[in-house]
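# Observations on the model geometry
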Amino acid sequence: MMKTNLKNRQNRLLKWVAKGLKYFLLALLGCAIAFVVSHVFNAVLIIKILQSPELWTLFLRIAVFLFCLFVIAMMIESWG
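Throughout what follows, the structure given in this document is the object of discussion. (Residues numbered from 1 in each chain as written. Predicted model: local features only at pLDDT ≥ 70, side-chain atom pairs only at ≥ 80, totals over all residues. Heavy atoms only, no water.)

Scanning the protein from N- to C-terminus turns up 3 helices and 0 strands. Listing the helices and strands of the protein from first to last along the sequence gives α-α-α. Looking at the protein residue by residue over its 80 residues, the buried ones come to 16%. Nonlocal contacts in the protein, meaning residues at least 24 apart in sequence, comprise 68% of its contacts between residues at least 6 apart. Only carbon and sulfur atoms are counted for the fraction: they give 72% of the accessible area of the protein, which is about 7,100 Å². (Helix = DSSP H or I, 4+ residues; strand = E, 2+ residues; numbered from the N terminus. Buried < 20%, exposed > 50% of the residue type's maximum accessible area, 1.4 Å probe, protein only. Contact = heavy atoms within 4.5 Å. Areas by Shrake-Rupley, 256 points an atom, 1.4 Å probe, with all protein chains shown as cover.)

This is how it looks when you write it as structure tokens:
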């Protein structure tokens, strides 16, 4: 077995961002599936909710927040 002097330092912020990105993308996939199913069954109320600007503004804000956290985590990672 080869021994190295590298330490396994993992950035907690980077882990949190990865987990947040995973759940954000799962939420987007869930909305896409709900949109397709509601189109098939002609559920107009659900379609209107999924097409509302407030929902997409919320998703956009979450995406920008996750991107900013990712940039901060990358800067911290490259600093040390």
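Okay, the nonpolar core next. Phe-24, Cys-31, Leu-50, Leu-55, Phe-59 and Leu-66 form the largest nonpolar core, which has 6 residues in total. Mapped onto this core, the elements with two or more residues apiece are α1 (12–40) and α3 (53–79). A per-element tally of this core places α3 first, with 3 residues. (Core = buried A, V, L, I, M, F, W, Y, C linked by side-chain atoms within 4.5 Å.)

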